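Here is what each chain is made of, one letter per residue.
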Amino acid sequence: MKLNRTTQRTVEILKVISRKPEGVTLDELCEKLKLPKTSAYDIVTTLAEMGMVNVIRGQKQRYSIGLMAYRIGISYTNNLDFISTIEPVLKEFSRTVGKTVFFGIPSGHHVVYICKFEPENPIITTATVGSRNPMYCTSLGKVILAYSSQEAREQVINGIRFEKYTDRTILTKEALLEELEKVRERGYAFDAREMEEHMQCVGAPVFDRDGNLLGAVSVSSLYKPTEDYDSLGRLVSRKGLEVSRMLGFLGKISGFPVDKIPGND
């Protein structure tokens, strides 16, 4: 059977991009796959228009895997029982803490919400399944940045255009880097009313069986001055570790010392 050359190239390009969370340049794609620059450009431009890849602006444009590619692939992931494995645990967690629980994954400079679990009497949250929010002002996004590889983290941060949502929103690269260091030290992140004035969120990382960052889990609720958010953070961190172990995580984070495992206290 004769294979279509353009389709082959498209699949090869997506494979290369999917292995590079920090993104790849057009020149890197051409060199890796021995492709003419005009052909590769036409393909990645079309993929970007269709949402299959994200364009990361910079001195040189880089391409990372897009949300549409994830949505197509999620059907296969579901068959592997990934979502159905974590769903009951996070649903019960939401009921136990009486707050809304999210699971999100990175997509360019944003975090995408792919699961949402609510207690019996949920508060109204603006985030819905499939929606995206900036990484720098969400607990999910901060955790994802904190536990990404240094190269991937720097690539995302260098492309962030900081926007003020509340008086508490982080607005500089330096402040964000300082915050991410704190996240790694304690194993969980806060959205301390940085996205919405009345909402406080706590997030923790989830790892796959190879110790690579898979995504993050968070708990969201109306802000209460009397609530112990550090205690809630430790609880979310332990839940993130529990979910990670369910997915085959053996306790070694790729690129991090063993004693820095979140939730392992």
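Everything that follows concerns the structure shown earlier in this document.
Caption draft 1: A look at helix H6 (residues 139-146). Of all eight residues making up H6, eight are buried, and the element is well covered by its neighbours. Of all the residues in H6, the buried ones are Ser139, Leu140, Gly141, Lys142, Val143, Ile144, Leu145 and Ala146.

Caption draft 2: Geometry of the packing of helix H1 (residues 5-18) against helix H2 (residues 26-33). Between H1 and H2, the least distance of the axes is 11 Å, while the angle of their chain directions is 115 degrees. The chirality of how H1 crosses H2 is right-handed. Across the interface between the two elements, Glu12, Ile13, Val16 and Ile17 of H1 pack against Leu29, Lys32 and Leu33 of H2. Looking at the contact of H1 with H2 residue by residue, the classes come out as five nonpolar, no polar and two charged.

Caption draft 3: Quick look at H2. Listing the buried residues of H2 in full gives Leu26, Leu29, Cys30 and Leu33. Buried residues along H2 cover an arc of 95 degrees about the axis, so they all sit on one side. Among the exposed residues of H2, those pointing more than 90 degrees away from its buried face are Glu31 and Lys32. For H2, the secondary structure elements touched by its buried residues are H1, strand S1 (24-25), helix H3 (37-49) and strand S3 (62-65). Following H2 by one or two positions, Lys34 has its phi on the positive side, about 55 degrees.

Caption draft 4: A look at the side chain of Asn54. The topology assignment puts Asn54 in strand S2 (residues 53-56). Side chain to side chain, Asn54 and Ser107 meet in a polar contact 3.3 Å long. Sequence-distant contacts of Asn54, that is, excluding residues within four places in its chain, are made with Arg62, Tyr63, Ser64, Ile65, Gly66, Ser107, Gly108 and Arg132.

Caption draft 5: Region of the structure containing a positive patch on the surface. Side chains of Lys15, Arg19, Lys20 and Lys32 sit close together on the surface and give a patch of like positive charge. Within the element layout of this structure, Lys15 appears in helix H1. The class for Lys15 is partly exposed, based on a relative accessible area of 48%.

Caption draft 6: Quick look at unusual backbone geometry. The residue Lys34 is not glycine, and still its phi comes out positive at about 55 degrees. Tracing the backbone shows Lys34 in the loop between H2 and H3. Backbone geometry at Arg193 places phi at a positive 55 degrees, although glycine is not the residue there. When its relative accessible area of 15% is taken as the criterion, Arg193 is described as buried.

Basis of the calculations
Residues numbered from 1 in each chain as written. Predicted model: local features only at pLDDT ≥ 70, side-chain atom pairs only at ≥ 80, totals over all residues. Heavy atoms only, no water. Buried < 20%, exposed > 50% of the residue type's maximum accessible area, 1.4 Å probe, protein only. Helix = DSSP H or I, 4+ residues; strand = E, 2+ residues; numbered from the N terminus. Axes fitted to C-alpha atoms, helices over the stretch in contact; angles between N-to-C directions. Left-handed = near helix turned anticlockwise from the far one by under 90°. Contact = heavy atoms within 4.5 Å. Nonpolar A, V, L, I, M, F, W, Y, C, P; charged D, E, K, R; others polar. Arc of directions from axis to C-beta. Polar contact = N/O pair within 3.5 Å; in protein donor to acceptor, adjacent residues only side chain to side chain. Patch = residues over 30% accessible without salt bridge, like charges linked within 9 Å, V, L, I, M, F, W, Y side chains within 5 Å. Areas by Shrake-Rupley, 256 points an atom, 1.4 Å probe, with all protein chains shown as cover. Salt bridge = Lys/Arg side-chain N within 4 Å of Asp/Glu carboxyl O. Lys, Arg positive; Asp, Glu negative; His and termini not counted. Charge placed at Lys NZ, Arg CZ, Asp CG, Glu CD.

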